[in-house]
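Summary of the model geometry
So the chains spell out like this:
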Amino acid sequence: MTRTVLIKLHLYLSAFFSAAIILVAVSGGLYLTGIKGSVEQTPVGSTTSGQQLLADPSQRAVERALVSLGVADFEFDYVKQKGSQLITRPTTRPFYTLDVRGDEVIVQHNQPSLQKRMIELHMGHGPSAYKIYQQVFAAGMLFIILSGVWLGLSSAHLRLRTALAVGSGLLVFSVLALA
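Quantities reported herein were computed from a predicted structural model and do not represent experimental measurements.

Things to note about the overall build of the protein chain
Helix and strand counts for the protein chain stand at seven helices and five strands. Tracing the protein chain from N to C terminus, the helices and strands come up as α-α-β-α-α-β-β-β-β-α-α-α. Computed over C-alpha atoms, the radius of gyration of the protein chain comes to 23 Å, more than 25% over the 16 Å expected from 2.2 N^0.38 for 179 residues, which places it beyond the range of a compact globule. Overall, the C-alpha framework of the protein chain stretches about 70 × 35 × 25 Å when taken along its three principal axes. Buried positions account for 30% of the 179 residues belonging to the protein chain. For the protein chain, long-range pairs separated by at least 24 residues make up 58% of all intrachain contacts whose partners lie at least 6 apart in sequence.

This is the structure:
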């Protein structure tokens, strides 16, 4: 692969993934400053299939529980179980939580704020297709970073500055991550 082709690939992948890079930086930065978003919860009702639901927390069983409470036209990709709570996913759009307390199941409709939606995407709780995109994004980011370092180190007039930037970045990361 020639240097020109590598530069073009580096540029095009950087541009292609710029929206995801911005999402990760903005959502992560806001989260770290205490702006974590919110979820507006609305009670839907309760049903008495708690232990049965915990024994079979499948998508089909959750759909039946929701239909029994009048929620018929709701689509979700999968169910996440956290202890005695079942959560429809993705949580980047309106979702339901089913809290099992004994044999009672308390169902709530959840509406995440924009910031909460961004954080859910950041954490990989988006739709199944988006998870595949995130895997491709991760590989693309590795390529972008490694190709950028290689391009800088292979250029005589950029070699020292690139080496200093990589070295100082590695040092700061190591000190802060291992402290």
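What to know about helix 6 (residues 128-153)
Along an α-helix, residues three or four apart share an orientation, since each turn contains 3.6 residues. Look at helix 6: 38 Å from first C-alpha to last across 26 residues, which is about the 38 Å you get at 1.5 Å a residue. Within the span of helix 6, buried status applies to Gln134, Phe137, Gly140, Ile144, Ser147, Leu151 and Gly152. On its buried side, helix 6 packs onto helix 1 (3-16), helix 2 (18-32), helix 5 (114-122) and helix 7 (159-178).

Focus on the packing of aromatic side chains
Evaluation of the coordinates by the stated rule reveals six aromatic pairs. Aromatic side chains Phe16 and Phe17 sit 5.0 Å apart centroid to centroid with 80 degrees between the ring planes, which places their arrangement in the edge-to-face category. Given a relative accessible area of 2%, Phe17 falls into the buried group. Aromatic pair Phe74 and Phe76: ring centres 5.7 Å apart, planes at 25 degrees, arrangement stacked. Side by side, Phe74 and Phe76 carry an identical accessibility label, which is buried. Members of the aromatic cluster, connected to one another through ring pairs, are Phe16, Phe17, Tyr130, Tyr133 and Phe137. Note that Lys36 overlies the ring of Tyr31, its terminal NZ or CZ placed 4.7 Å from the centroid.

Procedures and definitions
Residues numbered from 1 in each chain as written. Predicted model: local features only at pLDDT ≥ 70, side-chain atom pairs only at ≥ 80, totals over all residues. Heavy atoms only, no water. Helix = DSSP H or I, 4+ residues; strand = E, 2+ residues; numbered from the N terminus. Rg over C-alpha atoms; globule rule 2.2 N^0.38 Å. Buried < 20%, exposed > 50% of the residue type's maximum accessible area, 1.4 Å probe, protein only. Contact = heavy atoms within 4.5 Å. Expected span 1.5 Å × (residues − 1). Phe/Tyr/Trp six-rings, centres within 6.5 Å; stacked < 30°, edge-to-face > 60°. Lys NZ or Arg CZ within 6 Å of the ring centre and 35° of its normal.

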